[in-house]
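Structural overview for review
If you want the building blocks of each chain, they are given just below.
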Amino acid sequence: MTTFPTIDPELAAAISMLPNIDFTDVLSARTMFDGLIRTMLADRSFDGVVLHELSAPGRGSDPEVPIRFFTPDNAAGPAPVLLWIHGGGFAVGTAESSDPFCIQVARELGFAVASVEYRLAPETPFPGPLDDCYAALLYIHSHAEELGADPNRIAVGGQSAGGGLAAGTALKARDEGVVPVAFQFLEVPALDDRLETVSMTNFVDTPGWTRPKAILSWNYYLGESYSGPEDPDVSIYAAPSRATDLTGLPPTYLSAMELDPLRDEGIEYALRLLQAGVSVELHSFPGTFHGSGFIATAAVSERGAAEALTALRKGLHSLSPVS
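Residues numbered from 1 in each chain as written. Predicted model: local features only at pLDDT ≥ 70, side-chain atom pairs only at ≥ 80, totals over all residues. Heavy atoms only, no water.

It is worth spelling out the packing of helix α3 (residues 99–109) against helix α10 (residues 299–315) at this point. Their axes nearest at 11 Å, the elements α3 and α10 cross at an angle of 55 degrees. The orientation of α3 relative to α10 falls into the category oblique. At the point where α3 passes α10, the crossing takes the right-handed sense. Residues Phe101, Gln104, Val105, Glu108 and Leu109 of α3 pack against Leu309, Leu312 and Arg313 of α10. (Axes fitted to C-alpha atoms, helices over the stretch in contact; angles between N-to-C directions. Helix = DSSP H or I, 4+ residues; strand = E, 2+ residues; numbered from the N terminus. Parallel < 35°, antiparallel > 145°, perpendicular 65-115°, else oblique. Left-handed = near helix turned anticlockwise from the far one by under 90°. Contact = heavy atoms within 4.5 Å.)

The following block contains the structure:
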């Protein structure tokens, strides 16, 4: 692997321990990822939170959408809600894999968290996964009272491919005009199938994520009809960077990692949001790479996690302190 002089020393020391998932074989990638997640969840504690298993009606003839709904034990009054969408290159991952983060948000911020089990590509290409996320958003909003949630303080967030799905869901919510999304929370989002940025062009051998993996993920997600980056029919809800009008979107937190192929498309999206009059908090973390947050004990990872919680708390106007 290429060496990167600016990589954080704590992260560099741990790179050899990170798994290299073969994204060319989706089933194998899922098996490896699920095994890693089982290990990660072995010490999971639900102390201080309650987990409810919900199902939202699918859109049209789509199947129901499972939702892992976390609430704090001591919830008093309608709670803000984070609709959370896991990452995994549109083809890997589960809602359960995000349990540690969802539990932390519920426990430390006093929010409810609705973690969406969307269908995965390539078996279900766009618009299926996006429709699942939007169906979950509609359900949480329309059932807010019985869920103890505040329908006017709903954030949509996600990480990596989940960040792209979150941005697409926020765009759809803006255009449909049914759910007033209060905040969008985009961690290292995958936003642009055209793969033309400097970081996406140059980072072909970076830890965690690479240009070749990004090409595969977009091909999986956009399906057999996708003809490539020049395809004029790619929906803005699939690849939000293709949207020409970003006005009317909610205030946004967006993070980027220095040595991540997705870095520049995230930063450019944040700048375009600002230019469209959207309030944005943008953080580009030095020395990091895609997925480096899994090395949770590194100082830069701890700072990123703390700042994310602070941004969420501020974004949904909660008075709950960050622990």
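This paragraph deals with the nonpolar core. Grouped together as the largest cluster of nonpolar side chains are 72 residues, with contacts concentrated most on Leu137, Ile140 and Tyr269. If you tally residues by element for this core, the top one is helix α4 (residues 128–142), at 8 residues. If sequence neighbours within four positions are ignored, Ile140 has contacts with Ile67, Phe69, Val81, Leu83, Ala114, Leu147 and Ile154. (Core = buried A, V, L, I, M, F, W, Y, C linked by side-chain atoms within 4.5 Å. Buried < 20%, exposed > 50% of the residue type's maximum accessible area, 1.4 Å probe, protein only.)

The next thing to look at is empty space enclosed by the protein. Applying the stated criterion to the full structure yields 1 cavity of 30 Å³ or more. There is about 70 Å³ of room inside the largest cavity. Around the largest cavity, the lining residues are Gly89, Phe90, Ser160, Ala161, Ala190, Leu195, Met200, Trp209, Ala214, Ser217, Trp218 and Leu262. Broken down by element, the residue count for the lining of the largest cavity peaks at 3 residues, all from helix α8 (residues 211–222). Here the lining of the largest cavity is built from residues that sort into 9 nonpolar, 3 polar and no charged. (1 Å grid on protein atoms, 1.4 Å probe; cavity = no way out; pocket = protein on both sides within 12 Å on 5 of 7 lines; lining within 4 Å. Points joined across faces, edges and corners; volume = space filled by probe spheres on them. Nonpolar A, V, L, I, M, F, W, Y, C, P; charged D, E, K, R; others polar.)

The next point concerns the packing of aromatic side chains. Evaluated as defined, the whole model comprises 11 aromatic pairs. On the basis of an interplanar angle of 80 degrees and a centroid distance of 5.3 Å, the ring pair of Phe23 and Trp209 is categorised as edge-to-face. In this pair, Phe23 sits in the loop between α1 (9–12) and α2 (26–40) while Trp209 sits in the loop between α7 (198–202) and α8, placing the two residues 186 residues apart along the sequence. Exposure class is identical for Phe23 and Trp209. Each is buried. Ring centres of Trp84 and Phe101 lie 4.6 Å apart, and the angle between their planes is 45 degrees; on these two criteria the pair is classed as tilted. In this pair, Trp84 is assigned in strand β3 (residues 79–85) and Phe101 in helix α3, connecting sequence segments 17 residues apart. Given the relative accessible area of 18%, Phe101 is considered buried. Here Lys172 stacks its cationic end above the ring of Tyr134, 5.6 Å away from the centre of that ring. (Phe/Tyr/Trp six-rings, centres within 6.5 Å; stacked < 30°, edge-to-face > 60°. Lys NZ or Arg CZ within 6 Å of the ring centre and 35° of its normal.)

As a further point, take the side chain of Ser98. Mapped onto the elements of the fold, Ser98 is located in the loop between β3 and α3. Apart from the residues within four sequence positions on either side, Ser98 is in contact with Trp84, His86 and Ser115.

We now examine the pairing of strand β7 (residues 252–259). The buried fraction of β7 is high, at 7 of 8 residues. Sheet analysis places strand β6 (residues 183–187) next to β7, joined by 4 bridges and oriented parallel. Each residue of the ladder has a partner; that of Glu187, found in β7, is Ser255. Looking at chain direction, β7 and strand β8 (residues 280–289) are connected through 7 bridges and run parallel. Across the sheet, residue Leu254 finds its bridge partner in β8, namely Leu282. In this fold, the crossover linking β7 to β8 by way of helix α9 (residues 263–275) has right-handed handedness. (Pairing = 2+ DSSP bridges. Right-handed = clockwise from strand over helix to strand, strands pointing away.)

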